[in-house]
Amino acid sequence: RFRLTVSYVLFFSVLLVGIGMLFRQTLRSQLDGEVRATLEEEWGAAKAYLRIENKRPIWVADSSDPEEAYIVERLRRVYLLTDSTGYLLEYSETYASLGLDSPQEIQRIVKSGKPEFRERNDKAGIPFLIKAGELPSKEGERYFLALGRSLEANQRTVDAFMRRYLLLLPGLIALMCLLGWLLAGRAVHPVNQVAQAAEGVTGSNLSLRIPKRGADDELDHLIDSFNQMTARLGQSFEQIRRFSTDVSHELRTPLTAIRGQLEVALFTAQTTEQFREAMVNALEDVERLSSIVRALLLLSQAESGQLVLQKAALDLGAIAEDVVDQFQIPAEEKGVELSVHVQAGTIAFADKTQVERLISNLVSNAVKYTPRGGRIQVSVMTDPTHQDWARLEVADTGVGIPAENLSQIFDRFYRVRNAETNLIQGLGLGLSFVAWIVSAHGGSINVESEPGEGSRFIVHLPSAPPTSVTPSPEPAAAAV
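Note that the structure is a prediction, hence the values are computed from the model and not measured. (Residues numbered from 1 in each chain as written. Predicted model: local features only at pLDDT ≥ 70, side-chain atom pairs only at ≥ 80, totals over all residues. Heavy atoms only, no water.)

(A) The arrangement of the overall build of the protein in detail. A tally of helices and strands in the protein yields eleven helices and 14 strands. In the protein, the proportion of contacts linking residues at least 24 apart, taken out of those at least 6 apart, comes to 64%. Of the accessible surface of the protein, which amounts to about 27,600 Å², a share of 55% is contributed by carbon and sulfur atoms. (Helix = DSSP H or I, 4+ residues; strand = E, 2+ residues; numbered from the N terminus. Contact = heavy atoms within 4.5 Å. Areas by Shrake-Rupley, 256 points an atom, 1.4 Å probe, with all protein chains shown as cover.)

In structure tokens, the structure reads:
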């Protein structure tokens, strides 16, 4: 608040000083302009009243007319008359106090034929405005005439204005300090409210939202951004909580089975075959634990950039067929029809291991979430609108994904929670892998889904190494 107030005061102080200088210059210019206009009138009057005969100046005026007498007297107060060589014919004492013009200066002005305006100060420092120029005569000779008027009144007026303004300026600045302090307080009050509300946000109170002011300004935008941030934090905390629950459940189940099998073998097994069977069952559960830990470690390495892709030109159709073959038995056991359609010659410039993992995760999810009697279709082709891209589609007739969940399905640990999916085990890591693999290859993934009708995942991968910046056919990040 103090810094804002100081900023206000400095700004308005500079502004007021600038306005004062502008007014001063404007006032002086206007007053000097009036004097200049008066000199122009007197110059014309001098030509009318002044005659030069035999190099002698004669003022033609009616002595009985007080007005004409006054005009002539005024013209001769600051006055100089010479011939074209600079020889003095007549001048006033006031003009002499300003300093008589040199013959060279007189000759220059007469030769140019153009009158000039200039300022001079007398011995007392009083400024005068002088107009000097050529004065022709009836004999055809050329003379030099200079008339002047004092600028002392103008200077006094300007100085009086500046004195009053400078006396008024401290009061204006003091008023600006008060207004600046009040305005700064009003400006930072909503920020303090936001800060107080932010102090109340904790890990257990992420549902807190700061009400918007309704002004639709930058502060409302800040409040909206803060509320969105707390919402994202809340979702992240909820995902981590769910992940911890899922991991605990996933790890507890095989550990309990391993312990039970070993205890049974230890206390009841009597033959080598019984011990062997217990060990085989325990090893299967150990492998399941290893798979979970391996998946977590692999995703962490992928997101931290430790995995280096070994890209090469791959037959995407052949890879898709191999992966689909691996899932035929699980699909048949569940009563799901799994088929693959491949366009020959579809090439993807990618890492084979990661592409296999991508297809495997999509097909695994499709088998997992498609009920008995459903169908899964895997298609590989060159994108019809972008020949430099390979297109992979995995479509199913499963439970589908609600529209409100589509934007989050690629988030780490995120799982759609409803009556149909709660009974299906999983950690919510598969699609996170898919999103990372697609992003690492510079591709894109799009999702189309309707609850109860199924889902379609559409992946685009480049067919050749990038030689220039080429726009992908879909948004580069996972999009809906």
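(B) Spatial organisation of helix H10 (residues 352-369). Here H10 is 18 residues long and its end C-alpha atoms lie 26 Å apart, about the 26 Å a rise of 1.5 Å per residue gives. Among the residues of H10, Gln354, Val355, Leu358, Ile359, Asn361, Leu362, Val363, Ala366 and Val367 are the ones counted as buried. (Expected span 1.5 Å × (residues − 1). Buried < 20%, exposed > 50% of the residue type's maximum accessible area, 1.4 Å probe, protein only.)

(C) Here's a closer look at the pairing of strand E14 (residues 454-462). Burial analysis of E14 places eight of its nine residues in the buried class, which makes it a mostly covered element. Across seven bridges, the pairing between strand E12 (residues 389-396) and E14 is antiparallel. Residue pairing in the sheet places Glu393 in a bridge with Ile458 of E14. Direction of pairing for strand E13 (residues 444-450) relative to E14: antiparallel, over a ladder of seven bridges. Bridge pairing in E14 links Asn446 to Ile458. Following E13, the chain reverses through three residues before pairing antiparallel with E14; Gly452 in that reversal takes a positive phi of roughly 85°. (Pairing = 2+ DSSP bridges.)

(D) Structural context of the side chain of Asp383. Note on placement: Asp383 falls in the loop between strand E11 (375-382) and E12. Judged by relative accessible area, which is 3%, Asp383 ranks as buried. Among the polar contacts made by the side chain of Asp383, one reaches the main-chain amide nitrogen of His386 at a distance of 3.0 Å. Each residue touching Asp383, except ones within four places of it in the same chain, is listed here: Trp389, Arg391 and His460. (Polar contact = N/O pair within 3.5 Å; in protein donor to acceptor, adjacent residues only side chain to side chain.)

(E) Spotlight on the pattern of salt bridges. Enumeration over the complete set of coordinates arrives at 17 salt bridges. Between Arg76 and Glu90 there is a salt bridge, and its shortest N-O distance comes to 2.4 Å. In this pair, Arg76 is assigned in the loop between helix H2 (66-75) and strand E3 (79-83) and Glu90 in strand E4 (residues 88-91), connecting sequence segments 14 residues apart. Close ionic contact of Arg259 with Glu263 constitutes a salt bridge, the shortest N to O distance being 3.0 Å. Here the residue Arg259 and the residue Glu263 both occupy positions in helix H6 (residues 218-268), the gap between them amounting to four residues, near one helical turn. Three or more residues are tied together by salt bridges with common partners; here these are Asp101, Glu105, Arg108, Glu116, Arg118 and Arg120. (Salt bridge = Lys/Arg side-chain N within 4 Å of Asp/Glu carboxyl O.)

(F) Representation of the environment of Ser290. Positionally, Ser290 belongs in helix H7 (residues 272-303). Residue class for Ser290 comes out partly exposed when judged on its relative accessible area of 28%. Put simply, Ser290 and Leu251 are 39 residues apart on the chain and 9.8 Å apart in space, counted from C-alpha to C-alpha.

(G) A look at helix H11 (residues 430-440). Counting buried positions over the eleven residues of H11 gives eight, a clear majority of the element. Within H11 the residues assigned to the buried category are Leu431, Ser432, Phe433, Val434, Ala435, Trp436, Ile437 and Val438.

(H) Seen up close, the packing of helix H8 (residues 316-326) against H10. At their nearest, the axes of H8 and H10 sit 10 Å apart, and the two run at 50° to each other. Judged on the interaxial angle alone, H10 and H8 are oblique. When the axes of H8 and H10 are compared, the crossing they make is right-handed. Only Lys352, Val355, Glu356, Ile359 and Ser360 of H10 make contact with H8, whose side of the interface consists of Leu316, Ile319, Ala320 and Val323. Taken together, the residues of the contact of H8 with H10 break down into six nonpolar, one polar and two charged. (Axes fitted to C-alpha atoms, helices over the stretch in contact; angles between N-to-C directions. Parallel < 35°, antiparallel > 145°, perpendicular 65-115°, else oblique. Left-handed = near helix turned anticlockwise from the far one by under 90°. Nonpolar A, V, L, I, M, F, W, Y, C, P; charged D, E, K, R; others polar.)

(I) Summary view of the pairing of strand E5 (residues 116-121). Of the strand pairs in this sheet, E5 and strand E6 (residues 127-136) are connected by six bridges, and their pairing is antiparallel. Looking at E6, one finds that Asn121 is bridged to Pro127. With antiparallel pairing between neighbouring strands as the criterion, E5 and E6 make up a hairpin whose turn holds five residues, including Gly125 at a positive phi of roughly 85°.

(J) Layout of the nonpolar core. Grouped together as the largest cluster of nonpolar side chains are 40 residues, with contacts concentrated most on Leu358, Ile359 and Phe457. Broken down by secondary-structure element, the contributors of at least two residues to this core are H8, strand E10 (347-351), H10, E11, E12, H11, E13 and E14. The biggest single contributor to this core is H10, with seven residues. Listed in part, the 21 residues of the second largest apolar core include Val35, Val72, Tyr79 and Tyr143. (Core = buried A, V, L, I, M, F, W, Y, C linked by side-chain atoms within 4.5 Å.)

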